[in-house]
Amino acid sequence: MKIDYVEFTSPALEDTQSFFAAAFGWSFVDYGPDYRDIQNAGTGGGIERGALRAPLIVLRTDDLDDALARIRDTGAQITKEIFDFPGGRRFQFREPGGTEMAVWSDG
């Protein structure tokens, strides 16, 4: 698996979007009132309206069920079971050191 996406949260989504656009030259695709997909940032990313938290690193896999089983077997805590989202499916987990991450697949 490889790092494929970085997801930020912001309680002031529009302000964060404006800052990223002005400071970094990034553009965005709106997915409803609470999510922006970041474009032209060098790697995929998004901003979700919500309480501030550490950026979420998202890994990509071709076999989501296998990834879930392997991650669960290594002792990670699954924080969100597999769910659908526009573009694919994903789950989230906390590795034994405490960092929350996600894994997604388009199939």
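Since the model is a prediction, treat every value here as computed from it, not as a measurement. (Residues numbered from 1 in each chain as written. Predicted model: local features only at pLDDT ≥ 70, side-chain atom pairs only at ≥ 80, totals over all residues. Heavy atoms only, no water.)

## Some words on the side chain of glutamine 17
Secondary-structure assignment places glutamine 17 in helix α1 (residues 13–24). Dropping the residues within four chain positions of it, glutamine 17 is found in contact with Phe28, Asp30, Arg36 and Ile47. (Helix = DSSP H or I, 4+ residues; strand = E, 2+ residues; numbered from the N terminus. Contact = heavy atoms within 4.5 Å.)

## Here we look at the sheet that holds strand β8 (residues 100–105)
If you walk across this open sheet you meet the eight strands as β2-β3-β4-β1-β5-β8-β7-β6, and the pairing is mixed. The open sheet has two edge strands, β2 (27–30) and β6 (77–85), and neither has a second partner. Across the sheet, the mean angle from the axis of one strand to that of its neighbour is 25 degrees, orientation sign disregarded. Bridging between strand β1 (residues 2–10) and strand β4 (residues 44–49) involves six bridges; their strand directions are parallel. Among the inter-strand pairings, tyrosine 5 is bridged to a residue of β4, identified as glycine 44. Relative to β4, α1 is tilted by about 150 degrees, and along the sheet it contacts β1, β2, β3 (35–39) and β4. (Pairing = 2+ DSSP bridges. Axes fitted to C-alpha atoms, helices over the stretch in contact; angles between N-to-C directions.)

## As for the nonpolar core
Leu59, Leu64, Ala67, Leu68, Ile71, Ala76, Ile78, Phe91, Phe93, Met101 and Val103 together form the largest nonpolar core, which totals 11 residues. Of all elements in the fold, only α2 (64–73), β7 (88–94) and β8 reach the threshold of two or more residues within this core. Take this core: its biggest share by element is four residues, from α2. Filtering out sequence-adjacent residues up to four positions away, isoleucine 71 remains in contact with Met1, Ala76, Ile78, Phe91, Phe93 and Val103. (Core = buried A, V, L, I, M, F, W, Y, C linked by side-chain atoms within 4.5 Å. Buried < 20%, exposed > 50% of the residue type's maximum accessible area, 1.4 Å probe, protein only.)

## Brief notes about the pattern of salt bridges
In total, this model carries 13 salt bridges according to the counting rule given. Residues glutamate 7 and arginine 90 are paired through a salt bridge, measuring 3.0 Å at the closest nitrogen-oxygen approach. Remark: arginine 90 occurs in strand β7 and glutamate 7 occurs in strand β1; sequence separation between them is 83 residues. Residues glutamate 7 and arginine 90 agree in their burial class; the two are buried. The salt bridge partner of arginine 36 is glutamate 14, with a shortest N-O separation of 3.9 Å. Placement of the pair is arginine 36 in strand β3 and glutamate 14 in helix α1, with a sequence separation of 22 residues. Given the relative accessible area of 7%, arginine 36 is considered buried. Here the salt bridges do not stand alone but share partners, grouping Glu14, Asp30, Asp34, Arg36 and Arg49 into one network. (Salt bridge = Lys/Arg side-chain N within 4 Å of Asp/Glu carboxyl O.)

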